[in-house]
Amino acid sequence: MHVHVNAATSVDGKLSSRRREQVMISGDDDFERVDRIRAASDAVLVGVGTVLADDPHLTLDAEELVAERAENGDSAHPARVVADSRARTPTDARILDDAATTYLLISEDAPEARRRELEAAGATLVVAGAERVSFPAAFEALEDVGVERLMVEGGGEVIFSLFDDDLVDELTLYVGSMVIGGRDAPTLADGDGFVSDFPRLSLRDVERVDDGVLLTYDC
Ligand SMILES: NC(=O)c1ccc[n+]([C@@H]2O[C@H](COP(=O)([O-])OP(=O)(O)OC[C@H]3O[C@@H](n4cnc5c(N)ncnc54)[C@H](OP(=O)(O)O)[C@@H]3O)[C@@H](O)[C@H]2O)c1
Ligand SMILES: Nc1nc(=O)c(N)c(NC[C@H](O)[C@H](O)[C@H](O)COP(=O)(O)O)[nH]1
């Protein structure tokens, strides 16, 4: 499976503010680029932290991209995937509408009652990991249902784990020309952080987009 992480940060590396509310870092051109990556993916993954903070829909905005997928025999939108060990996704989350298939990656510890509620709300559950979602196991299960190209849209906890598990193939990072600051504001890679064996990336491309910079790395 090809795993492509995409994110937008401020110049100081923050994904949003200490309030963890969505901050518009990207401009129109960058959001169009994000839409194109989504369109070229079989599924788009976020962590439950992003679902709770942003309530994203994770579908395509551009009708022509939906039409292109149809011409290729693909579903209108890529599948949506949430890493959610304890099945905390709200049943009225936008990602659970019927616009696309939604997989919830949960752990064996996820409460039975929540599992039933989320299945009734339309989610397809994938159990991977004892207490926390195991990405290596979850990605094998996603491959079994045909996910070959996976886009990851954050947030920082999930992105750290994917680097920790050595599962990232490609990173596109839009750095917007703004400062967010705050020691508690989420960054591109949070988790416990590395103290040695830091993942080293290979810079493939640098491009000016909107009033910021798009960095593309092979990982
Ligand atoms: N600018 C951007 O590009 C961008 C993109 C996305 C999000 N954001 C912002 O980022 C913030 C949310 O980021 P976040 O870091 O709090 O949330 P996140 O990474 O989206 O979700 C984190 C949660 O995912 C669950 N998870 C399940 N398995 C995991 C695993 N193996 N490793 C890590 N996490 C796992 C954990 O909850 P459980 O233990 O309950 O499973 C964890 O707390 C929001 O402020 C949002 O606005 C910005
Ligand atoms: N590329 C990008 N630039 C940003 O400035 C920003 N705040 C996000 N944030 C990513 C996060 O996952 C958002 O929640 C989804 O981009 C919302 O997706 P929808 O429009 O609801 O489909 N992503």
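The residue numbers shown here count from 1 along each chain, following its written sequence. Lettering of chains starts at A and numbering of ligands starts at 1, both following the order in which they are written. Local features in this predicted model are restricted to residues of pLDDT 70 or higher, and side-chain atom pairs are both shown and tallied only at a pLDDT of 80 or more, whereas totals for entire chains, interfaces and linings draw on every residue. Only heavy atoms go into the side-chain values, all of them from the structure, while hydrogens and water stay out.

As annotated in an unreviewed UniProt entry, the chain carries the name 2,5-diamino-6-(ribosylamino)-4(3H)-pyrimidinone 5'-phosphate reductase and is attributed to Haloferax elongans ATCC BAA-1513. UniProt positions are given in the numbering used here, feature names are shortened, and annotations may be inferred rather than shown by experiment. Of the comments in the UniProt record for the chain, the one headed Sequence similarities (unreviewed entry) reads "Belongs to the HTP reductase family." Under the Subunit (unreviewed entry) heading, UniProt states for the chain: "Homodimer."

Visitor: Any chance you could break down the site of ligand 1 for me, citing the residues and the numbers?
Guide: Lining the immediate environment of ligand 1, one finds 29 residues, of which Ser16, Thr50, Asp54, Ser85 and Ser161 sit closest. By the criterion applied in these results, polar contacts are pairs of N or O atoms within 3.5 Å in which, for protein atoms, one can donate a hydrogen and the other can accept it, and in which residues neighboring in sequence qualify only through two side-chain atoms. For ligand 1, an oxygen atom lies 3.0 Å from a polar atom in the backbone of Val158. Considered on its own, ligand 1 offers 920 Å² of accessible surface; in the complex 89% of this is hidden by protein. Only DSSP runs of H or I with at least four residues qualify as helices, and only runs of E with at least two residues qualify as strands; both kinds are numbered from the N terminus onward. Taken together, the elements giving at least two residues each to the shell around ligand 1 come down to strand 1 (2-9), helix 2 (48-54) and helix 6 (156-164). Top element by residues in the shell around ligand 1 is helix 2. It accounts for five residues. Whether a residue is near a molecule or strand depends on its heavy atoms: it is near if one of them lies within 4 Å of it. The accessible surface values rely on the Shrake-Rupley method and a 1.4 Å probe; as for residues, cover is taken only from the protein chains in view.

Visitor: Report on the site of ligand 2, specifying residues and quantitative values.
Guide: Lining the immediate surroundings of ligand 2 are 17 residues, of which Val23, Ile25, Ser26, Asp54 and Leu58 lie closest. Contacts to ligand 2 include Gln22, whose side-chain N or O atom sits 3.3 Å from an oxygen atom. In the environment of ligand 2, an oxygen atom lies 2.8 Å from a nitrogen or oxygen atom belonging to the backbone of Leu58. Computed on the free molecule, ligand 2 has an accessible area of 520 Å², of which 86% lies beneath the protein chains in the complex. Elements that contribute at least two residues to the shell around ligand 2 include exactly strand 1, helix 1 (28-39) and helix 2. Here the element with the most residues in the shell around ligand 2 is helix 1; it accounts for three residues. Classes in brief: Ala, Val, Leu, Ile, Met, Phe, Trp, Tyr, Cys and Pro nonpolar; Asp, Glu, Lys and Arg charged; the others, Gly included, polar. Per-class residue counts for the shell around ligand 2 are eight nonpolar, five polar and four charged.

Visitor: Describe the nonpolar core, with residues and values.
Guide: Residues enter a nonpolar core if they are buried and are Ala, Val, Leu, Ile, Met, Phe, Trp, Tyr or Cys, with the set joined through side-chain atoms within 4.5 Å. Note on exposure labels: buried denotes an accessible area under 20% of the residue type's maximum, exposed denotes more than 50%, and partly exposed covers the range between, all computed with a 1.4 Å probe on protein chains only. In this structure, Leu45, Leu105, Phe135, Phe139 and Val152 are the most contacted members of the largest nonpolar core, which totals 32 residues. The contact definition used throughout considers only heavy atoms, calling two residues in contact when any of these lie within 4.5 Å. With residues near it in sequence (within four places) discarded, Leu45 still touches Val81, Leu105, Phe135, Phe139, Leu150, Met151, Val152, Glu153, Gly154 and Val158. Within the second largest apolar cluster, 18 residues are counted, among which are Val48, Val51, Leu58 and Ala123.

Visitor: Go over the side chain of Arg69, please, and point to the residues and values.
Guide: Within the fold, Arg69 resides in helix 3 (residues 63-71). Among buried Asp, Glu, Lys and Arg side chains, Arg69 stands out as unpaired, with Asp74 the closest opposite charge at 4.9 Å. Only four residue types enter the tally: Lys and Arg on the positive side, Asp and Glu on the negative side; His and the chain ends are excluded. One speaks of a salt bridge when a side-chain nitrogen belonging to Lys or Arg is within 4 Å of a carboxyl oxygen belonging to Asp or Glu.

Visitor: Can you break down the packing of aromatic side chains residue by residue, with the values?
Guide: Only Phe, Tyr and Trp rings are paired, with Trp represented by its six-membered ring, and only when their centres lie within 6.5 Å; those with planes under 30 degrees apart are stacked, over 60 edge-to-face, the remainder tilted. Considering all chains together, one arrives at two aromatic pairs under this definition. On the basis of an interplanar angle of 50° and a centroid distance of 5.5 Å, the ring pair of Phe135 and Phe139 is categorised as tilted. Residue Phe135 and its partner Phe139 are located together in helix 5 (residues 135-144), separated by four residues, close to a single helical turn. Summarising the burial analysis for this pair, Phe135 and Phe139 share the class buried.

Visitor: Outline the UniProt feature "domain: Bacterial bifunctional deaminase-reductase C-terminal" (unreviewed entry) in the chain, supporting the account with residue identities and numerical values.
Guide: The feature "domain: Bacterial bifunctional deaminase-reductase C-terminal" (unreviewed entry), as given by UniProt, occupies residues 2-215 in the numbering adopted here. Across residues 2-215, the secondary structure splits into 26% helix and 23% strand, with the terminal C-alpha atoms separated by 18 Å.

Visitor: Any details on the sheet that holds strand 3 (residues 79-83)? Residues and values, ideally.
Guide: Taking strand neighbours across the sheet as the criterion, the nine strands line up as 5-4-3-2-6-1-7-9-8 in an open arrangement whose pairing is mixed. The open sheet has two edge strands with one neighbour each: strand 5 (124-127) and strand 8 (202-209). Along the sheet, successive strands turn relative to each other by an average axial angle of 20°, direction set aside. By the bridge criterion, six bridges tie strand 7 (residues 170-175) to strand 9 (residues 212-218) in an arrangement that is antiparallel. Across the sheet, the residue bridging to Val175 is Val213, located in strand 9. Lines fitted to C-alpha atoms define the axes here, with helix axes fitted over just the stretch in contact, and angles between the N-to-C directions of these axes take values from 0 to 180 degrees. The strands that helix 5 touches are strand 1, strand 2 (43-47), strand 3, strand 4 (102-106), strand 5 and strand 6 (149-152); relative to strand 4, the one it contacts most, it runs at about 150°. A pair of strands is treated as paired once DSSP finds two or more bridges between them.

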